[in-house]
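# Coordinates in review
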Amino acid sequence: MGSCKALGITAALFLGLILVGGIITVAVLWSQDNAVDPPIIIPTDWWEHCVLYQIYPRSFKDTDGDGIGDLKGITQELEHFVDAGVDAIWMSPIFASPMVDFGYDISNFYEIHYEYGTMEDFEALLEKAHRLGIKVLLDFVPNHASNESDYFKKSEARDPEYEDFFVWADGIPDPNNASNILPPSNWVSQFDGSAWQWSPIRQQFYLHQFAVQQADFNFRNESVRQEMKNIMKFWLDKGADGFRVDALPFLMEADPADYGGRYPDDPLSGKIGLEPHQLGYTIPLYTKDLIELYDVVYEWREYVDQYWKENGGDTRVLLSEGYANISMTMLYYGNKQGKFGAHFPFNFDFITDVSNNSNARDFVYTIQKWLTYKPFAATANWVFGNHDNNRMATRFREDMVDGLNALAMILPGVAVTYQGEEIGMQDGYVSWEDTVDVEALNRGDNETYMLYSRDPARTPYQWNGSLNAGFSTANKTWLPVADNYKELNLQAQKAANVSHFKVYQKLTALRKEMSMIHGDYEVRAFSDRSFYVVRNFRTYDTFVLLFNVADTADIINLTRIQDIKVPSTVEVASIHSSRRAGDVIEENLIQLEAGEALVLRDAPLE
């Protein structure tokens, strides 16, 4: 039916399942059978209802004039997150790296990349963030390491301690050329080309599911699994509040012992027009979403929970990244045998399943799918953009920015904001000459690179209308600043009476309402154009988001929403709406313009 009434406590006896630090406890809560009594409040952990903001450090703020963002820049601007109502930040990788894939090719997991600063800079950032009440999460990349890392160099040289740290295999003799050796299997890299690279030093191939310079660790080696825990401990000891864990679907690949000592070929997809070196030519049956990878994630959760128990303080969290089908994604939460995994896997459905061509029913279905499949006691989350995909305002429409931010803030669980979404930043134009993204360079050419490039979503943050949008004093920034920075920037939006940023502030403030933290929800479509989300909690105010996702106006009937009644007050309005906060809706039939979003406040349910 599109609703959940799990937390409205009206019965005399309520049996509650509470997930705390990976342990389910049973709480018996007593309430008088009286409709006017307030419900008993179950406190939430810090991460369960937070606003989580992704920083792309290279593009956030440059303080030393080299055109590259740095840790001091993040520290300098931490007050922005307080002002915006953000509870926690996670930074794309800041570790030592050759920067082939801009930090996702790590050469030393225990050092800060020199362009970003020093360990002292990181410690200063952590201290200030915690003083301001902001949690700090790090991007952990366990699937692979740079081929410039000591791990790889020692493994390539067959150092006994590291010989099996990576996935190595002998090649196959070429039947058509006796002097040639073919890769061990037909596996295709995510960045195109064979997933196998020949090492003349070791005289074997190594696996790289991403760039050639990103060699895949061998997670069938217990020493590798232990080293990952060592890395986590190092940063937890520094004071990090947890990790966003990257590229988990690729953590494990088929065991050759199960296939006669050889790595099996992936089946062909049959897609017309693709060549053997192109992504999509094969179906990654043996290289992605293998069930064994979840056991590794469950091990890490046990480790992080144990660390928390031994060291005290607030909960340390693991958040998992993985584009997978809904069933495989839900396994990151845990399994039926009682194992816990990530505190939550990132929900990319608003990136992969909907766009500006989607209708209101598509949005409702996308919301319901996650809430239906996730474990009952688990925390949901809502993501509209990240460093790997076109920006939210570009993928959808500029007039939908406030409604999309409102959706993230009003739905139950964690609201995730990618750098710039609070001001409605759009993709910047990056020419072929300025392109630096390894995926675009590998998969495309000067005519097709924009199909693959992630650079447009990574252009520098637009602080103000000055040189380089206030990001840097350099003559040239690592990526060009978007052309619209003089009109679209944080400073201008702070000064304006109405702006995306001011709407964002109202929405993050609204999340502190009890109905938003603990309330029931209902999500339904009015039509193909508009839908609504209700949040209510007995004896507390009810809130309703009305959102027209179409590019034409829609007439909606508020009598379809059982939990509100007119007159009702506008709490938040999108910037393109003719209505403003404080306006009173007097009629049941109202018109929502294209992209218009309204949050209404109503009296508590009786």
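Just above sits the structure.
Read on for a plain summary of the structure. (Residues numbered from 1 in each chain as written. Predicted model: local features only at pLDDT ≥ 70, side-chain atom pairs only at ≥ 80, totals over all residues. Heavy atoms only, no water.)

Regarding its fold elements, the protein presents 15 helices and 28 strands. Here the protein has a C-alpha radius of gyration of 25 Å; the compact-globule value for 606 residues is 25 Å, and the two agree. Projected onto its principal axes, the C-alpha coordinates of the protein cover approximately 80 × 55 × 55 Å. Taking all 606 residues of the protein together, 59% fall into the buried category. (Helix = DSSP H or I, 4+ residues; strand = E, 2+ residues; numbered from the N terminus. Rg over C-alpha atoms; globule rule 2.2 N^0.38 Å. Buried < 20%, exposed > 50% of the residue type's maximum accessible area, 1.4 Å probe, protein only.)

What follows deals with the side chain of Thr508. Inspection of the secondary structure puts Thr508 in helix α14 (residues 500–510). Classification of Thr508 by relative accessible area gives buried; the value is 3%. Here Gln505 takes part through its backbone oxygen, which lies 3.0 Å from a polar atom of the side chain of Thr508. Leave out the neighbours within four places in its chain, and Thr508 touches Val51, Ala84, Gly85 and Met409. (Polar contact = N/O pair within 3.5 Å; in protein donor to acceptor, adjacent residues only side chain to side chain. Contact = heavy atoms within 4.5 Å.)

A cis amide bond links Val566 with the next residue in sequence, Pro567, at an omega value of 0°. Its place among the elements puts Pro567 in the loop between β24 (554–557) and β25 (568–573). Phi is positive for Met99, which is not a glycine, with a value near 65°. The residue Met99 is located in the loop between β6 (95–96) and β7 (108–112) in this model. The backbone phi angle of Gln203 is positive, close to 65°, even though this residue is not glycine. Inspection of the secondary structure puts Gln203 in the loop between β13 (196–199) and β14 (204–207).

Our next topic: the sheet that holds strand β18 (residues 344–345). Within the open sheet, the eight strands sit side by side as β18-β17-β16-β8-β5-β4-β20-β19. Their pairing is parallel. Here the strands that pair on one side only, and so sit at the sheet edges, are β18 and β19 (381–383). Of the strands in this sheet, β5 (88–91) and β8 (135–140) are in contact with helix α3 (residues 119–131), which crosses β8 at around 140°. (Pairing = 2+ DSSP bridges. Axes fitted to C-alpha atoms, helices over the stretch in contact; angles between N-to-C directions.)

For Val136, the location among the structural elements is in strand β8. Of the residues examined, Val136 reaches a relative accessible area of 0% and is grouped as buried. Along the chain, Val136 and Gly242 lie 106 residues apart, while their C-alpha atoms are 7.2 Å from each other. Among all residues touching Val136, those that are not within four sequence positions of it are Ile89, Met91, Leu125, Leu126, Ala129, His130, Ala240, Asp241 and Gly242.

With that out of the way, let us pick up the sheet that holds β14. Taken in spatial order, the three strands make up an open sheet running β10-β14-β13, and their pairing is antiparallel. Both outer strands of the open sheet, β10 (168–169) and β13, are each paired with one neighbouring strand and no more. Here four bridges tie β13 to β14, and the two strands are oriented antiparallel to one another. Within β14, the residue paired with Trp196 across the bridge is Leu207.

With that settled, consider empty space enclosed by the protein. For the structure shown, the criterion picks out three cavities of 30 Å³ or more. Considering only enclosed or pocket space, the largest cavity measures out at about 50 Å³ in volume. Lining the largest cavity are Gln54, Trp90, Arg244, Glu321, Phe346, Phe348, Val383, Gly385, Asn386, His387 and Val416. Taken together, the residues that form the lining of the largest cavity break down as five nonpolar, four polar and two charged. (1 Å grid on protein atoms, 1.4 Å probe; cavity = no way out; pocket = protein on both sides within 12 Å on 5 of 7 lines; lining within 4 Å. Points joined across faces, edges and corners; volume = space filled by probe spheres on them. Nonpolar A, V, L, I, M, F, W, Y, C, P; charged D, E, K, R; others polar.)

Since the α-helix packs 3.6 residues into each turn, any two residues three or four apart lie on the same face. With 20 residues, helix α6 (residues 292–311) should cover 28 Å at 1.5 Å per step; its first-to-last C-alpha distance of 29 Å lies within 8% of that length. Within α6, the full set of buried residues consists of Leu293, Tyr294, Val296, Val297, Tyr298, Trp300, Arg301, Val304, Asp305, Tyr307 and Trp308. In the segment just after α6, Gly312 is the residue with positive phi, at about 70°. (Expected span 1.5 Å × (residues − 1).)

A few words on the pattern of salt bridges. Considering all chains together, one arrives at 35 salt bridges under this definition. Lys135 is the partner of Asp314 in a salt bridge, and the nearest nitrogen-oxygen pair spans 2.4 Å. A residue pair is termed long-range when its members are at least 10 positions apart, and Asp314 in the loop between α6 and β17 (317–320) and Lys135 in strand β8 qualify at 179 residues. By relative accessible area, Asp314 is classed as partly exposed at 43%. Among the residues examined, Lys135 registers a relative accessible area of 15% and is labelled buried. A salt bridge links Arg601 to Glu571, with the nearest nitrogen and oxygen atoms 2.9 Å apart. On the criterion of sequence distance, the pair formed by Arg601 in strand β28 (residues 597–602) and Glu571 in strand β25 is long-range, its members being 30 residues apart. Using a relative accessible area of 23% as the deciding quantity, one classes Glu571 as partly exposed. (Salt bridge = Lys/Arg side-chain N within 4 Å of Asp/Glu carboxyl O.)

Further remarks concern the packing of helix α5 (residues 222–238) against α6. Where α5 meets α6, the closest approach of the two axes is 11 Å, and the angle between their N-to-C directions is 35°. Classified by chirality, the crossing of α6 by α5 is right-handed. Taken together, the residues of α6 that come into contact with α5 (itself represented by Arg225, Met228, Lys229, Met232, Lys233, Leu236 and Asp237) are Asp295, Val296, Glu299, Trp300, Tyr303, Val304 and Tyr307. (Left-handed = near helix turned anticlockwise from the far one by under 90°.)

Evaluated as defined, the whole model comprises 50 aromatic pairs. Seen in terms of ring centroids, Phe109 and Tyr151 are 6.2 Å apart; in terms of plane orientation they differ by 50°. Their pairing is tilted. In this pair, Phe109 sits in strand β7 while Tyr151 sits in helix α4 (residues 150–156), placing the two residues 42 residues apart along the sequence. With respect to burial, Phe109 and Tyr151 carry one shared label: buried. (Phe/Tyr/Trp six-rings, centres within 6.5 Å; stacked < 30°, edge-to-face > 60°.)

In this section: α5. The first and last C-alpha atoms of α5 sit 25 Å apart over 17 residues, in line with the 24 Å expected at 1.5 Å per residue. Turning to α5, its buried residues are Val224, Arg225, Glu227, Met228, Lys229, Ile231, Met232, Trp235 and Leu236. Between the side-chain oxygen at the start of α5 and the backbone nitrogen of Ser223 there is a gap of 2.8 Å, and the oxygen is on Asn221. Downstream of α5 by a residue or two, Gly239 has a phi angle that is positive, lying close to 120°.

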